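# Structural description and commentary
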Amino acid sequence: MAERQQDGITDQDSWSSVIGEARSLADALPDLFVEASQVASAMIAGWHGRRRSGPGESFWQFRPFNMGEPARRIDWRRSAKDDSLYVREREWEQAHTVWLWPDLSVSMNFQSRLSPVLKRDRAVVLMLALAEMLATSGERVGLPGLSRSLSGRNSAETLAQILLHAPAPEALPETAGIKRFSDIVLISDFLDPVTEITAWMSHAAGLGARGHIVQVLDPIEETFPFDGRVEFHDQERGTRLTTGRAESWREAYQERLERHRAELKDAARRAGWTFILHHTDRSAAEPLLALHAALSGGGSPAHGGF
């Protein structure tokens, strides 16, 4: 959706070509990466990943020795401090793969007077910040269809470079590299036809992946605060629609948007996926906290809006 220029909406005609979009992303990406790093750094102290006992090199904790266990597991130095026997457990270091996908299609290049950022820029910041946090906790991250899964502290920066040289943007990624037990995080406005989105979700769920939907909307797309004569522009199809009394459309529009979202939530629930709603006038930290809970196994199939 695009509002008339005099109402404060940036004219989106310059976004009609892929070349223009690529140049804009290239210009914005360094600043977006810095912002994502700052957001990730602020949250990383509370980000514990999937730490648990198991095979690995790092110390996890001491626990009491259980009768029947091999005596070689006993930590004699720790046991010598009191009358009990203790076993030194190591941290489980099996890396988990999380596939990340920010929607960079034309509809995401939208920003109203009610928001400080483009939807596209917020999606990129969320993706990079999440990649930084996951890589720090030892997980593998990747862009489905564009990269293999990566590990290491510079994974987020590598994904940013891959994203910069990606071909024409797609709302939904390829599923070829998505495997069983992996997670996938989709960050989009999800305003495409529900049948297309739910068909993709069903296919990915059938591969055994666990998914997390983050719907990013500009606040003006929720409130529809238009009055009088307004021209709306479909950025992806290039069509325009002018109304003389926009306020008369408000109720029907909001009902349709809510119905669309309810269908997305229902599809996510049936697939066992989580759903998070985020508005671009809110802090990027809010959906990241919800994603932390979801990726740690504490998320419910549907979350409230941020």
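The following paragraphs examine the structure supplied in this document. (Residues numbered from 1 in each chain as written. Predicted model: local features only at pLDDT ≥ 70, side-chain atom pairs only at ≥ 80, totals over all residues. Heavy atoms only, no water.)

### Quick look at the pairing of strand S5 (residues 183–188)
To keep it simple, the criterion reads: Residue exposure (1.4 Å probe, protein chains only): buried if accessible area is under 20% of the type maximum, exposed if over 50%, otherwise partly exposed. Numbering of helices and strands runs from the N terminus; a helix is a DSSP stretch of H or I covering at least four residues, while a strand is a stretch of E covering at least two. Think of it this way: DSSP has to see at least two bridges between two strands before they count as a pair.
With six of six residues buried, S5 is to be regarded as a mostly interior element. Burial of the side chains of S5 extends over both faces: Asp 183, Val 185 and Ile 187 are buried on one face and Ile 184, Leu 186 and Ser 188 on the other. Here strand S3 (residues 97–102) runs beside S5; their pairing, made up of five bridges, is parallel. Considered in S5, the bridge of Trp 99 is made with Ile 184. Inspection of the sheet shows S5 paired to strand S6 (residues 210–217) by six bridges, in the parallel sense. Residue pairing in the sheet places Leu 186 in a bridge with Ile 213 of S6.

### Remarks on the packing of helix H3 (residues 119–136) against helix H4 (residues 155–164)
Selection rule: Only the stretch in contact is used when fitting a helix axis, every axis being a line fitted to C-alpha atoms; angles between N-to-C directions are given from 0 to 180 degrees. Two residues form a contact once any of their heavy atoms are found within 4.5 Å. For this scheme, ten residues count as nonpolar: Ala, Val, Leu, Ile, Met, Phe, Trp, Tyr, Cys and Pro. Four count as charged, namely Asp, Glu, Lys and Arg, and the remainder, Gly too, count as polar.
Running from N to C, H3 and H4 point in directions that differ by 145 degrees, and their axes come no closer than 8 Å. Taken together, the residues of H4 that come into contact with H3 (itself represented by Val 124, Met 127, Leu 128, Ala 131, Glu 132 and Ala 135) are Ser 155, Ala 156, Leu 159, Ala 160 and Leu 163. Residue composition of the contact of H3 with H4, grouped by class: nine nonpolar, one polar and one charged.

### Some points on the pattern of salt bridges
Inclusion rule: A pairing counts as a salt bridge when a side-chain nitrogen of Lys or Arg comes within 4 Å of a carboxyl oxygen of Asp or Glu.
Using the criterion set out here, one finds 13 salt bridges in the structure. Here Arg 261 makes a salt bridge to Glu 222, at a shortest N to O gap of 2.8 Å. Of this pair, Arg 261 sits in helix H7 (residues 250–271) while Glu 222 sits in helix H6 (residues 219–223), and the two are 39 residues apart along the sequence. Like Arg 261, the residue Glu 222 is buried in the burial classification. The partner of Arg 282 in a salt bridge is Glu 286, with the nearest N and O atoms 3.0 Å apart. The exposure class of Arg 282 is partly exposed, given its relative accessible area of 39%. By relative accessible area, Glu 286 is classed as partly exposed at 22%. Connected through salt bridges with shared partners, the residues Lys 119, Asp 189 and Glu 221 form a single ionic network.

Limitation: the analysis is restricted to geometry and does not speak to function.
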